[in-house]
Amino acid sequence: MGISGEDLMRAAAFLGAGISMGLGAIGPGVGEGFVGGKACEAIGRNPEEAGLLTRTMLVAQAVSESTGIYSLVVALLLIFVV
Amino acid sequence: MDVASYARAGQYLGAGLAMGFGAIGAALGEGMTGGFTNRAISRRISMTPALTRTMLVAQAVAETSAIFALMVAILLLFTDMAEQGPCAWAAAIGAGLSIGLGSFGSGIGSGYPGAEATWGVSRQPAVAPQMTTNMLVSQAVCQTPAIFALVISFLLMFMDYSKDPMWPYSAALLGAGLSMGIGAIGSGWGGGETGGAACKAFARHPRTKTSMMTLMLVGQAVGQTPSIFSLMVAFILIFSNYSGQQLTLHSTMAPLAAGICMGFGALGPGYGNGLTSTKACEALGMRPQNSGLIMRTMLVAQAVAQSTAIYALVIAFVLIFVV
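The residue numbers shown here count from 1 along each chain, following its written sequence. Chains carry letters and ligands carry numbers; both start at the beginning, A for chains and 1 for ligands, and go up in the order they are written. Local features in this predicted model are restricted to residues of pLDDT 70 or higher, and side-chain atom pairs are both shown and tallied only at a pLDDT of 80 or more, whereas totals for entire chains, interfaces and linings draw on every residue. Hydrogens and waters are ignored; side-chain quantities use all the structure's heavy atoms.

Draft legend 1. Spatial organisation of the overall build of chain A. The numbering of helices and of strands both runs from the N terminus, where a helix is a DSSP run of H or I of at least 4 residues and a strand a run of E of at least 2. Counting secondary structure elements, chain A contains 2 helices and 0 strands. Projected onto its principal axes, the C-alpha positions of chain A cover 65 × 20 × 10 Å. Residue burial is assigned from relative accessible area. The probe radius is 1.4 Å, only protein chains are included, and a residue is buried under 20% of its type maximum, exposed over 50%, and partly exposed in between. Within the span of chain A, comprising 82 residues, buried residues form 40% of the whole. What makes two residues a contact is simply this: any of their non-hydrogen atoms within 4.5 Å. Within chain A, contacts between residues at least 6 apart in sequence are counted, and of these 76% link residues at least 24 apart. Computed over 4 positive and 7 negative side-chain charges, the inter-centroid distance for chain A is 6 Å. Charge counting follows a simple rule: Lys and Arg are positive, Asp and Glu are negative, and His as well as the terminal groups are ignored. Positions of charges follow a simple convention, taking NZ of Lys, CZ of Arg, CG of Asp or CD of Glu.

Below is the structure:
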């Protein structure tokens, strides 16, 4: 197959998008799971504070989600924009 | 070089990848079980036969994933895939990657329930039969990702691709292997840690057996979801029809990128969901009366942790269907 510069660039962009979203999803997945685990532990120990602990958990998970969203944005940029 | 030589080379490489990666997880898991058994025996020397029996049962289950890898490696060495068409080399390497990487998580994961079950039996000898049941159920669930990987390996090895063009189909088959192989690691490992925590907590509070089993199975089932996404993407990649397409480098790399994306994308959420349900089982062991609250918190946390796997699935679908 003949490979033009445009073709090579798009191929690299697709591979980059896959690698970006794939590797980028590892950290938030593990990190959010860790937060959730500690929240379960804390609620088991202190059930009357469940509301506060769940709120803190969701805030922490939202922050840790941000890197996953950065990866998503970069992947979408690589596929559709550049 | 002819198609047959390519196929042979791919098969040999695939066999090496399958058995090399496939041997890591099971050995680690079995080692962990053995180590904990020695600790348990030193605590209660009179229970040596019962503890040794539990250890051997647990290790046999953990060994399963390595045996899957061995089976695929032997099949790759001794079947002739050349008549499956010009993509046979990619199918062989994909099959090796799928079962090799896919059995890693399940092998190491199966070690956790075995380790905690032998330790638990030495703490609460009266509940040994129930403990063994608990251990086997949780090990069976954490073998599931390895079985998904085996299914994809068999599809890759035995389907007929002779009518499909070499490119981009070869890239799609490699992508299917990577998606399923890497995607199975997290779910297997996380599910195993959950099973281990459930066995440990059950030894602390034998009265919790029903609620513990429910919590463990729900947690493991949610943790299994990312590997099911991987399985779905692998199926789509294998059964896609690329024959009418104009061949370019970027349309060739898109399915490979989709496989890489979904594979790695399922690893983190799978393991993270396992971490959450591990701690939930521990919490239930400490405060059995709060089972409802713990289950609710666990499910909310797992749903949030799942979101990155869903992003990866979306990007994989975009790479397969849109671009």
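Having seen it, we continue.
Draft legend 2. Summary view of the packing of aromatic side chains. Residue and element names in this part refer to chain B. In this analysis, rings of Phe, Tyr and Trp, with Trp reduced to its six-membered ring, are considered paired at centre separations within 6.5 Å, and the interplanar angle assigns stacked below 30 degrees, edge-to-face beyond 60, and tilted for intermediate values. This model, assessed by the stated rule, comprises 7 aromatic pairs over all chains. Judged by centre distance (5.8 Å) and plane angle (75°), the rings of Phe104 and Trp189 are edge-to-face. You can see Phe104 sitting in helix α3 (residues 88–123) and its partner Trp189 sitting in helix α5 (residues 169–204), a full 85 residues away along the chain. Residue class for Trp189 comes out partly exposed when judged on its relative accessible area of 24%. Taken together, the ring pairs in this structure connect Phe104, Trp189 and Tyr271 into an aromatic cluster. A ring is considered to have a charge above it if a Lys NZ or an Arg CZ atom is located within 6 Å of its centre and within 35 degrees of its normal. Looking at Arg39, its charged tip hangs above the ring of Phe36, at a distance of 5.0 Å from the centre. The ring centre of Trp119 lies 3.9 Å from the NZ or CZ of Arg39, which sits over that ring.

Draft legend 3. Examining the pattern of salt bridges more closely. The term salt bridge refers to a side-chain nitrogen of Lys or Arg lying within 4 Å of a carboxyl oxygen of Asp or Glu. Taken as a whole and assessed by the stated rule, the structure comprises 4 salt bridges over all chains. A salt bridge links A:Glu41 to A:Arg45; the nearest nitrogen and oxygen atoms lie 3.9 Å apart. You can see A:Glu41 and its partner A:Arg45 sitting in helix α1 (residues 5–45), 4 residues apart, about one turn around the helix. One salt bridge in this structure joins B:Glu282 and B:Lys279, with 3.5 Å as the shortest N-O distance. One end of the pair, B:Glu282, and the other, B:Lys279, are both in helix α7 (residues 249–286), 3 residues apart, so they sit about a helical turn from each other. Each of A:Lys38, A:Glu41, A:Arg45, B:Lys279 and B:Glu282 takes part in salt bridges that share partners, so that together they form one network.

Draft legend 4. Region of the structure containing the side chain of B:Thr297. One can find B:Thr297 in helix α8 (residues 291–322). A polar contact is formed between the side chain of B:Thr297 and the backbone oxygen of B:Leu293, at a distance of 2.8 Å. Not counting residues within four places of it along the chain, the set of residues in contact with B:Thr297 comprises A:Ala39, A:Cys40, A:Ile43 and A:Met57. Counting of polar contacts relies on pairs of N or O atoms within 3.5 Å, with two restrictions inside protein: one atom must be capable of donating a hydrogen and the other of accepting it, and residues adjacent in sequence are counted only when both atoms are side-chain atoms.

Draft legend 5. Looking closely at the interface of chain A and chain B. In this complex, chain A contributes 44 residues to the contact, which on the side of chain B involves 43 residues. The term buried area denotes the loss of accessible surface (1.4 Å probe radius) that occurs when two parts are joined, taken as the sum for both partners. Surface buried jointly by chain A and chain B totals about 3600 Å² across both partners, of which 79% is contributed by carbon and sulfur atoms. Remark: the boundary between chain A and chain B carries 1 salt bridge. Between B:Lys279 and A:Glu41 there is a salt bridge; the shortest N-O distance is 3.4 Å. At the junction of chain A and chain B, the tally comes to 12 residue pairs in polar contact (both at pLDDT 80 or more). Those elements that place two or more of their residues in the side of chain A that touches chain B are α1 and α2 (50–81) of chain A. If one sorts the elements of the side of chain A that touches chain B by residue count, α1(A) sits on top with 29 residues. Here the term charged refers only to Asp, Glu, Lys and Arg, the term nonpolar to Ala, Val, Leu, Ile, Met, Phe, Trp, Tyr, Cys and Pro, and the term polar to all other amino acids, Gly among them. Across the side of chain A that touches chain B, the residue classes break down as 28 nonpolar, 9 polar and 7 charged.

Draft legend 6. The arrangement of a positive patch on the surface in detail. Residue and element names in this part refer to chain B. Note on patches: the residues involved have over 30% relative accessible area and no salt bridge, like charges join within 9 Å, and the nonpolar side chains Val, Leu, Ile, Met, Phe, Trp and Tyr join within 5 Å. Residue exposure ignores everything except the shown protein chains as possible cover, and the areas themselves are Shrake-Rupley values with a 1.4 Å probe. On the surface, a cluster of positive charge is made up of Arg39, Arg43, Arg44, Arg123, Lys200 and Arg204. Sorting the residues of the positive patch by element identifies α1 (3–43) and α5 as the ones contributing at least two each. Lys200 sits in the partly exposed class, given a relative accessible area of 36%.

Draft legend 7. Focus on unusual backbone geometry. A cis geometry characterises the amide bond from B:Trp167 onward to B:Pro168, with omega recorded as 0°. Relative to the helices and strands, B:Pro168 resides in the loop between α4 (128–158) and α5.

Draft legend 8. Layout of the packing of α7(B) against α8(B). Residues and elements named next belong to chain B. Where α7 meets α8, the axes come as close as 8 Å, and the angle between the chain directions of the two elements is 175°. Accordingly, the angle class assigned to the pair α7 and α8 is roughly antiparallel. Across the contact of α7 with α8, the residue classes break down as 20 nonpolar, 8 polar and no charged. In this description, a line fitted to the C-alpha atoms serves as the axis of each element, helices being fitted only across the stretch in contact, and the angle between N-to-C directions of two axes falls anywhere from 0 to 180 degrees. For classification, angles of less than 35 degrees are called roughly parallel, those exceeding 145 degrees roughly antiparallel, those between 65 and 115 degrees roughly perpendicular, and all remaining angles oblique.

Draft legend 9. Inspection of the environment of B:Leu75 at higher detail. Residues and elements named next belong to chain B. Inspection of the secondary structure puts Leu75 in helix α2 (residues 48–78). Take Leu75: its relative accessible area is 26%, and that puts it in the partly exposed class. When the C-alpha atoms of Leu75 and Phe154 are compared, they prove to be 9.6 Å apart, with 79 residues separating the residues in sequence. Ignoring anything within four residues of it in the chain, the contact list for Leu75 reads Phe154, Met157 and Phe158.

Draft legend 10. Highlighting the packing of helix α6 (residues 209–239) of chain B against α7(B). Residues and elements named next belong to chain B. Relative to each other, α6 and α7 sit at 180°, their axes nearing to 9 Å. With respect to their mutual orientation, α6 and α7 come out roughly antiparallel. Classifying every residue of the contact of α6 with α7 gives 16 nonpolar, 9 polar and no charged.

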